[in-house]
Structure formats: structure tokens, C-alpha cells
Amino acid sequence: MSKKVKYDTDKGGYQTQVLIKSTLIYVVLILLTLICLVPIWILIVNATRTTDEIIKGASLIPGTNLFANINTLNTDMLYNVFYSPLRGMFNSFIIAGSCCALTVFFSGLTAYGIVVYDFKAKGPMFVFILAVMMVPSQVTAVGFMKLLVDWELLDSYVPLILPAIAAPAIVFFMRQYMLSSFPLDIIEAARIDGSSEIRTFLTISIPMMKPAFAVQAIFAFISKWNDYYNQSLVLVSGNKEQLTMPMMVQKVVSIDRTADYGANYAAIFLSIIPVVVVYLVLSKFIIGGVAAGGVKE
Amino acid sequence: MATAAQRRIKSVSYAKYGYLFTAPFFIVYFIFMFWPLLQTFILAFYGNGVGEKLDAAGTSINCFVGTQNFKTILVGGTDFLSMGAHDDFFQYFKNTIIIWVGNFFPQIALSLLLAVWFTDLRVKMPGKGFFKVVMYMPNIITAASVAGLFMTLVGDSKYSVLNVFLMNRGMEEPLQLATGEWSSRFIVMFIQIWMWFGNTMIMLMSGIQGINESLFEAAEIDGANSTQTFWRITFPLLKTIMVYTLLTSMIGGLQMFDIPFMFHTGNIINQYLATVAVFIYDKFHKNYMSPSYGYSAAASVILFVITSILGALVFWVQRDKDAMELAKKRRQAVKEWKRKQKRGGGFSI
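Scoring rules and cut-offs
All residue numbers refer to positions counted from 1 along the written sequence of the respective chain. The naming scheme follows written order: chains are lettered A onward, ligands numbered 1 onward. In keeping with the predicted nature of the model, local features appear solely for residues at pLDDT of at least 70, side-chain atom pairs appear and are counted solely at 80 or more, and the whole-chain, interface and lining totals rest on all residues. Side-chain metrics rest on all non-hydrogen atoms present in the structure, leaving aside hydrogens and water. By definition, any uninterrupted DSSP run of H or I lasting at least four residues is a helix, any uninterrupted run of E lasting at least two residues is a strand, and each is numbered from the N terminus. In what follows, residue pairs with any heavy atoms lying within 4.5 Å of each other are defined as contacts. In this entry, domain limits derive from an automatic or database-based domain assignment. Only the six-membered ring of Trp is used, alongside the rings of Phe and Tyr, when aromatic pairs are assigned; centres must lie within 6.5 Å, and planes under 30 degrees apart are stacked while those over 60 apart are edge-to-face, with the rest tilted. Exposed residues in this analysis have more than 50% of their type's maximum accessible area, buried residues have under 20%, and partly exposed residues fall in between, with area computed by a 1.4 Å probe over protein chains only. Either the NZ atom of lysine or the CZ atom of arginine qualifies as a charge over a ring when it sits within 6 Å of the ring centre and within 35 degrees of the ring normal. Accessible-area loss on putting two parts together, using a 1.4 Å probe and summing over both, is the definition of buried area adopted here. N or O atoms within 3.5 Å of each other form a polar contact, as long as, within protein, one can give a hydrogen and the other can take it, and as long as residues adjacent in sequence are counted only when both atoms are side-chain atoms. The pLDDT value tells you how sure the predictor is about a given residue, anywhere from 0 up to 100. To obtain each axis, a line is fitted to C-alpha atoms, and for helices this fit is confined to the stretch in contact; angles are then taken between N-to-C directions over 0 to 180 degrees. Three classes are used, and their members are as follows: Ala, Val, Leu, Ile, Met, Phe, Trp, Tyr, Cys and Pro are nonpolar, Asp, Glu, Lys and Arg are charged, and the others, Gly among them, are polar. Residues belong to a common nonpolar core when they are buried Ala, Val, Leu, Ile, Met, Phe, Trp, Tyr or Cys residues joined through side-chain atoms within 4.5 Å. Of the grid points, spaced at 1 Å and generated over the protein atoms alone, those admitting a 1.4 Å probe that cannot get out make up cavities, while open sets with protein on both sides within 12 Å along at least five of seven lines make up pockets; any residue with an atom within 4 Å of a point is treated as lining. Grid points are joined across faces, edges and corners, and a volume is the space filled by probe spheres set on the points. Of all possible arcs, the one meant is that of the directions from the helix axis to the C-beta atoms. Roughly parallel means an angle under 35 degrees; roughly antiparallel means over 145; roughly perpendicular covers 65 to 115; every other angle is labelled oblique. The crossing is said to be left-handed when, going from far helix to near helix, the turn is anticlockwise and less than a right angle, and right-handed when the turn is clockwise.

1. A few points about the side chain of B:Q39
- Tracing the backbone through its elements, the reader meets B:Q39 in helix α1 (residues 4-43).
- Setting aside chain neighbours within four positions, we find B:Q39 in contact with A:G143 and A:K146.

Shown next, in the form of C-alpha cells:
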């Protein structure tokens, strides 16, 4: 009997304990949420205010000056020599979009080739892909630059887009995905029905691997949109018609004689807005993709 | 399962598709990545001058100089310029390590704590998805924009958000956080944590979810509290994934470029933030009309060697122990069988 009573009080203690713990966890989580969101919120707010308002002090309530600030970016000589939001977004979109399509398609094709067919070089090929997966792009940068100079590829989009065909980490991910959830019997069935190999890949395997393709497409797009390193290697002359969003922002950030703070904020704001919107819409896939280990930075 | 004969037939008719489908990948890889990698290794043994311009040692990109670039970077040179390269490299290497250590350990502690909380069976947590989405968000924002964002928040200008706030409350001079030695490093460490903790947290969470749930239930029934559960179950079983995170983060840390490179105004990179990747970039690209390919390439080779060692460790940690044990047993069995065969053969003669 005494045992039972003790158990009951224990249970009460346990519940209070859980309650205290949950409260503590929520306090920390809300704090971290604020740390994550407040800088971005201040940015958004200041992008909508005039320079005078910004100098007066921080605020959490948006102003009404957003379009005037964007207009300053387009008309002020200090900015419009290298910053043009529409041009930058368009350029970034062209690069990220083509890279994304090439990466996903050719990684899928390569993984398919390695998984489905039996050929002598299959093993060595896979070992090679594993081995080069972690070679950092900084290591190849010097030789890459030499190649660009020798082949006169500077200030061209070709060396930014074409290498997207070869993405070892994504091939590896696709291979793992195919091995775990792609029944090879279906290929035999397609062959018996008279489908050509490439048609089998296009019409049967791509639709079946849609989840893997979708996740990799999102990540390829975002990482190419954000890729400052390679873009600044290739686009050396800084021609405004060619610059991408990250390069334009970098130039805005490094101006040291800023006249218009509202415009400065608006420039940064415009560069993050597309990514944040895409992220919020697709966040379910993105978080799932990170959890699946499909992301190699 | 296909029999050996079936496999052989299949390989006769379809092998060419295997080569065909993988060809684009390998062609592009060899042109745009493997060839540049080889070039980097070759350039590391050549001089620094380009074309007519010669470097201080009177060599150019066409002169083979042996290990001179490595000597200059690691030991130091005789003239002013090469001494500068040596000092820079070590300063930047030190910066890289300081910033990496200062961001990795707080980050993994925070991520681990959050991952344990998010996967705790006992705590009911509405809004879990929301928190995950918010915490991962800084990771997808362009690094250039993040650098700009923090520059406007805590930069040296008297109109940065922090300085406006403090000066409105009576401070005389604006704080110079973005150029100070340690203050700027702390800001960059903070930015790196801010950008990456969500990513690490989600990776660790999927690691914890991979642990057999009945272990946690058993621990709860046996009356273990959260701390005991963590140190006796979660942590030991998570060790592999933690080591993996550690090593990949080290590789990533050695490549750290965007934030340290961009967290400044004007054209001069902050000397207390510049990393090895910045050294490489700076030497051959910043001044791309007269680059020092030799020093850059030599530093790249050093970086490559360190990365390869770390990468090999990753594979060693990740290796499938059961499969290897099985393969070892199989090899032993085959050896044993062969030995028996031989002995048997010997007797029969």
C-alpha cells in the first residue's frame, strides 16, 4: 500500500518535472527564434524606411519608403553603376536555373548508368566518385582560373553553367536513393515491351525518382543562387549586365561612402527575398532533404 | 538474383549504355575539375610572375622552381614579398582555426541540445515544424547578404543599428566592432553559428531518430532521467555521426570563404578574419592582372593534403563494420578451404 502511495506522488512529481522542462525548452526555443528572425526583420523594416528614420534609431514597425529606396537603387549613380535588382535576379535565375536542370538530369543519368548496367568500369567509376566527392572547389580554383585564361572563358556564363553536369555528391545521393527504392525489374519489363534504354530512363525512371530529383533540384538551385565564389572567379570585369545578385550585394556592402542607408538595406533585402520565399514555400521538402543527408556543402 | 550466366549475357548487350550514360559526367568532370586540379599541382612548382613580369626571385609561371613556393610559404623567404606570403599564410591559417573552433564547439553543443529536445518522447511539443523551419532559414540566405546584413547591424559606421542605439543613449564614439581583432572574429563566429546550427541540428536529429526507440522506452521504464538517458544511450550511439559531423565541419571550416572575405567595407580585407581560402583567392585573383599563381597553388596543395587526410578519416569512421567483419571471415574461409585443397592434393599424389 505504501508503495502505491509513493508511486502516486512520484507520478505527480514526474508531471511537474515534464511541465517545468517543457516551459524551459519553449523559453529557449522562442529566444532562438527571435535571434534567427530579428536580424532579418530589422533588415526588412529598414529597407522600408528613409535614411533619416534609420539614423534616428531602430524600430520594429515598417515604414513606407520601400519603393522610393528601390528607385534610388535604380537611379542613384552610386548604386546603378553595378546594382540593378531586376538584371541581377534575372542573371542569377539563368545561372541557377540552368545549373539546377543540368545537375539533376545528368546526376540522375550517371547514377542510373552506374546502378542499372553491368560493365567493367562500374566499380572503379563509383570509387572515383566517392574519392572526389570531398575535393574542395577552392583547391581547384587556381587551375580553373588558368583554364579560363587559357581558353578565354572569362566573363562568360559557360564555365559557370557547364560544370554543373558533374556533381559527384549528388550522383552519390541519387545512387543511394536508387539502390534503396528503385526496383530494377521494371527496367526488364520495359525492355521486354520494346522501350529503348534512354526512353526507359526518361519516361519510367525519372517519374519514379521524383522525390530525390525534387530535393536535389531545390538544393542545387539555392546553392547556385548563393554561390559567390565561382561567380566572382569568372565574372572578373564587373560588367553590370552580367553580374549576379550575390556579386551586386557584395559591391553594395563594400561601398564605404554610403549616402543612402535605406537604399543599402533595400539592396540586401531584394537579394534575400526570392530565396526566402522559395524556402518558405518548399520548406517541408528542404527540411526533409537535410534530414535524409542529401546535402553536402 | 541474376545468375553468373545471366549477368554475362546482360553485360554483353547493355554495357555500352553504362558507358554512354556516365560519359557526360566524366567528360565534364575531367575538363572542369580534374584538369584544373592537376594544373594546380603543376603550378605549385612553378614561379609567380606572369608573361613579361617576373616575380621577386626573377621567375615566372613558365619557370620550374621545384619546391621553392612551399619553402617560401612554410619557412619564409629572403625578400620582402615572399616573407609577406609566409606571414600571411600563417596568420590566415591561425585565423581559420580560431574561427572554426569558436564556431564549431558552441554550435554542436547547441545543436545537440536542441536535437535531443526535439526528439524527446516525454515532451509534447506543438509547433515543432515551425521551429525547425525558422532555425534552418539563415542557412539558405546568400552569404553576401548575410555579411551585408550584419555589417549594417554591428558595423563600424556610426549609422549601424547597434551604434545608433548606443549613441542615442549617450555613447560618444561609435564602436569599432567590425575591425577589432577579437570583436570581428566573435561576430564572424556568431554568424557562422547563426547560419549553420539549424543544419547541424537536423542532421543530428535524424541520427537520434535512427536509434532504436525501444532503448529510450526501456530507459524510461527503468526510471532513468533525461541526463542519464542522454549520457548512457543517446551520446554513445550518436558518436559515429558526431565524429562524421566534426570531420566534415573541419573540411568545411578549412574552405570557409564567403563571410570572412566579405565582412568588411572598402577594399581591404580584415586581416584578423582572412582564412586560408581567402589567401588562395587573394593571391591569384584579387589582382588578376598580375597574379601569384605559384603561392596560391602551393597553398591549395597544402589544403588538399589536409582535406584528403580528413576525408580518409571520414570514410574510416563511416565504414560498415559488420560488412567488413563478414568480408574478413569470408576471406579467411576461402584461405582455409584453399589450404585444405592443397593439402588434400598433396596427399593424393
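2. Thoughts on the domain arrangement of chain A
- Domain parsing of chain A yields domain 1 (2-69) and domain 2 (82-254).
- When each unit is reduced to the centre of its C-alpha atoms, the spacing between domain 1 of chain A and domain 2 of chain A is 38 Å.

3. Side note on the packing of aromatic side chains
- Counted according to the given criterion, the structure contains 49 aromatic pairs over all chains.
- Where B:F25 meets B:F26, the ring centres are 5.0 Å apart and the plane angle is 75°; that geometry is what we call edge-to-face. The exposure classification of B:F25 matches that of B:F26, with both residues buried.
- Taken together, the aromatic side chains of A:F105, A:F106, A:Y112, A:Y117, A:F182, A:F201, B:Y14, B:Y17 and B:F21 make up a single cluster linked through ring pairs.
- One cation-aromatic arrangement involves B:R185 over B:W182; the distance from NZ or CZ to the ring centre is 4.7 Å.

4. Regarding the environment of B:A323
Residues and elements named next belong to chain B.
- Among the secondary structure elements, A323 is positioned in helix α13 (residues 321-348).
- Here A323 falls in the partly exposed class, since its relative accessible area comes to 39%.
- With 191 residues separating them along the chain, A323 and K132 place their C-alpha atoms 35 Å apart.

5. Observations concerning the interface of chain A and chain B
- Listed per partner, the contact involves 102 residues of chain A and 97 residues of chain B.
- Buried surface at the junction of chain A and chain B, summed over both partners, amounts to about 9,000 Å²; 77% is from carbon and sulfur atoms.
- For chain A, the biggest contributors to the area lost against chain B are A:M134, A:V139 and A:V142; these three give 7% of the whole.
- There are 13 residue pairs in polar contact (both at pLDDT 80 or more) connecting chain A and chain B.

6. Some remarks on the confidence of the model for chain A
- Of the residues in chain A, 93% reach a pLDDT of 70 or more, and the chain-wide mean stands at 85.
- The low-confidence segment residues 1-8 of chain A (pLDDT under 50) makes 0 contacts with residues lying over four places distant or belonging to another chain.

7. Side note on the packing of helix α15 (residues 261-291) of chain A against helix α7 (residues 181-209) of chain B
- Taken N-terminus to C-terminus, the directions of α15(A) and α7(B) make an angle of 60°; their axes are 8 Å apart at the nearest point. Residues A:I287, A:V290 and A:A291 of α15(A) form the contact with α7(B), whose own contacting residues are B:N199, B:I202, B:M203 and B:S206.
- Residue classes in the contact of α15(A) with α7(B) are distributed as 5 nonpolar, 2 polar and no charged.

8. What to know about the nonpolar core
- One finds A:Y83, B:M135 and B:F263 to be the most contacted residues of the largest nonpolar core, which totals 199 residues.
- Residue-level mapping places this core at the junction of two domains, with at least three residues from each of domain 1 (2-69) and domain 2 (82-254) of chain A.
- Residue contacts for A:Y83: discarding those within four places in its chain leaves A:L73, A:K240, A:M245, A:M248, A:V249, A:V252, A:A267, A:L270 and A:S271.
- Membership of the second largest hydrophobic core comes to 5 residues, among which are A:F126, A:M133, A:A169 and A:F172.

9. Comments concerning unusual backbone geometry
All names here are of chain A.
- In this model, E152 sits at a positive phi of 55°, which is unusual for a non-glycine residue.
- One can find E152 in the loop between α7 (137-150) and α8 (158-161).
- Given a relative accessible area of 72%, E152 falls into the exposed group.

10. Observations concerning empty space enclosed by the protein
- Enumeration over the complete set of coordinates arrives at 1 cavity of 30 Å³ or more.
- Lining the largest cavity are A:N46, A:R49, A:I54, A:G57, A:A58, B:Y159, B:V161 and B:V164.
- Here the lining of the largest cavity is built from residues that sort into 5 nonpolar, 2 polar and 1 charged.

11. A few points about helix α3 (residues 66-75) of chain A
All names here are of chain A.
- Where α3 is concerned, the buried positions are L66, N69, I70, T72 and L73. The arc enclosing the buried residues of α3, seen along the axis, measures out at 150°, which places them on a common side. Residues of α3 that are exposed and angled more than 90 degrees away from the buried face: F67 and T75.

12. Overview of the packing of helix α5 (residues 85-116) of chain A against helix α11 (residues 197-208) of chain A
Residues and elements named next belong to chain A.
- In the contact formed by α5 and α11, the axes pass within 12 Å of each other and the chain directions differ by 115°. Viewed along their axes, α5 and α11 adopt a mutual orientation that is roughly perpendicular. Between α5 and α11 the crossing geometry is right-handed. When α5 is examined against α11, the residues F105, G108, L109 and Y112 are found in contact with a partner set consisting of E197, I198, T200, F201, L202, S205 and I206.
- Of the residues in the contact of α5 with α11, the class split is 7 nonpolar, 3 polar and 1 charged.

13. What to know about the side chain of B:T200
Residue and element names in this part refer to chain B.
- For T200, the location among the structural elements is in helix α7.
- On the accessibility criterion, T200 (6% relative accessible area) is buried.
- Engagement of the side chain of T200 in a polar contact is seen with the backbone oxygen of W196, the distance being 3.0 Å.
- Ignoring anything within four residues of it in the chain, the contact list for T200 reads Q107, S111 and T245.

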